[in-house]
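The residues making up each chain are set out below.
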Amino acid sequence: MKTLILFFFILSINFVSGQFIKENISKTYFSEKDTITYKYSNYPKVLKLDLSENDTLSPGTNIAKNITMTAYIGKDSLVIKGDNYPFARKSFVTIKTPRRTTVVIFRFNSSSSNFSQDYIDENHGKSSIVLSEVFELANIIWALSPTGKAATDLQKDTEYYRKVEEYFQPYLDHPIFKKLIFENKDNYSDMYYQFRENSFMYEFNGNNIVKGENYNYVYGKDWQGFTNLFTELLPLVQDFSDKSNFRAFYKKNEKYYFNDLKRITELMPLKNMWTWLENEFPIKQNSYKIVFSPLIGGSHSTQNYFGKDLKNNSWFSECVMFICNANRYDLKKDITEKEKEVLMSGIVFTEIDHNYVNPTSNKYKKEIAEIFKRKIWTDEKNKFYENPQSVFNEYMTHSVFCLWVQENYDQKTSDYLINERIKMNVEKRGFIKFKEFNEELIKLMDENPTKTIAEIYPQIIEWAKKEN
């Protein structure tokens, strides 16, 4: 049997975007049968691939360090090395049989995270709120940039921002700020998240910014090669950090950051939310992590990661959320501590419950697509949720939050929160029937005390079907 091991120099075509490799194998393989087999070095079973149904097939797995794939094709075997971890690799192989010609795309999917077994053991079943020094550096640079100064979604009317301005004033002519001017204002959101979120992959080693072990990509459009604005500008970020002595500023304000962390913990019963959601939905998450900055305004986001838990032969899931600090609601002097708590909790709750709402909605895709395509559900203020599934999920996500508040807080606090949630969704976000939807879901849950939210889906969908 002949074995062909692929290295870069034998490729007929090799396209590289970032470090994503897309290659055509020049050799054509022959098989007397319409079935071939293949296996991965990190998986004990030999897998079968039927060539008889389609002329293009794409088997694959996630890339890992030192992984290889061996395909057994007729009298030949083909070994493809996944030697560009953590980036994706696609190898196009032509296979001829007596009946057909098939192109098989052997895939190594990119890996956005790299969780060791120790990390999985340490974080399994835990939620945490963490400080990230490089993340704060990215937020400071963005806030001081011409684009950030013009932005309305940052927390700038604070004592902390004034300290940032005062300390870094001598360094505002640094070349990194010229790189953060975008002529196309429509690119603002994408560039902001690319720069802010991907900084979370990095950490300080001494004064040097290095990529950490756990995360390979946080936000962007290139989930194969992982290109992003922060990594592109990293040499300038490092230079700005060095010249401004950022680490001295961070250390001087460390007590402020820790007080922020403590305050967020006081206002956000994360474990309670997590337990409650998993009682209402047949879905499990293994870990939640919250990252914050005092400079973030209302632009929150979330990302999900997975890793192989070898001890339990299962997948480990982690949800990471990026949010503002508690100052956003502590500045409101006319609301109670409980009202601050539910407002702050809403930031995270309506991020994490997508992990439960969205997969459940997927079971009713056809009905949701037909019902929520109608114009009665949104108006022109809804700019981000265009397809029916996403519209329904937003209705459901915020209504589920209202149910949680009702169940966990006194009547006065829950009435306050529900009224605020209705105003936000109807007047600001364009979900114009949120009041009616929310009242119906609450009514259905009251009338069916033994049912979970997941079990009530058919009834809320049936109600929505009759709405005009």
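Keep in mind it's a predicted model, so treat the numbers as computed, not measured. (Residues numbered from 1 in each chain as written. Predicted model: local features only at pLDDT ≥ 70, side-chain atom pairs only at ≥ 80, totals over all residues. Heavy atoms only, no water.)

*Asks:* Explain the environment of Glu 232 here, please?
*Replies:* Counting through the fold element by element, Glu 232 comes out in helix H6 (residues 229-232). Taking C-alpha positions, Glu 232 is 31 Å from Ser 58, a pair spaced 174 residues apart along the chain. (Helix = DSSP H or I, 4+ residues; strand = E, 2+ residues; numbered from the N terminus.)

*Asks:* Is there a simple way to think about the nonpolar core in this case?
*Replies:* Most often, soluble globular proteins have nonpolar side chains that are buried together. Formed by 116 residues in total, the largest nonpolar core has its most connected members in Trp 142, Phe 195, Met 344, Phe 372 and Met 396. Considering each element in turn, this core owes the most residues, 10 residues, to helix H15 (residues 388-408). Sequence-distant contacts of Met 344, that is, excluding residues within four places in its chain, are made with Ile 264, Leu 267, Met 268, Ile 323, Cys 324, Asn 325, Ala 326 and Tyr 329. Within the second largest apolar cluster, 20 residues are counted, among which are Tyr 40, Leu 51, Met 69 and Ile 95. (Core = buried A, V, L, I, M, F, W, Y, C linked by side-chain atoms within 4.5 Å. Buried < 20%, exposed > 50% of the residue type's maximum accessible area, 1.4 Å probe, protein only. Contact = heavy atoms within 4.5 Å.)

*Asks:* What is the right way to look at the packing of aromatic side chains in this model?
*Replies:* Ring pairs (aromatic) are described by centroid distance and by the angle formed between their planes. Overall, the coordinates contain 56 aromatic pairs when judged by the stated rule. With a centroid separation of 5.0 Å and an interplanar angle of 40 degrees, the aromatic rings of Phe 200 and Tyr 215 are classed as tilted. Of the two residues, Phe 200 sits in the loop between helix H5 (188-198) and strand E13 (202-205) while Tyr 215 sits in the loop between strand E14 (208-211) and H6, which places them 15 residues apart along the sequence. In this structure, Phe 200 and Tyr 215 share a single accessibility class: buried. Plain terms: the ring middles of Phe 372 and Phe 392 are 5.1 Å apart, the flat faces sit at 65 degrees to each other, and that makes the pair edge-to-face. Of this pair, Phe 372 sits in the loop between helix H14 (365-371) and H15 while Phe 392 sits in helix H15; the two residues are 20 residues apart in sequence, bridging distant segments of the chain. By relative accessible area, Phe 372 is classed as buried at 3%. Taking relative accessible area as the criterion, Phe 392 reaches 0% and is therefore assigned buried. (Phe/Tyr/Trp six-rings, centres within 6.5 Å; stacked < 30°, edge-to-face > 60°.)

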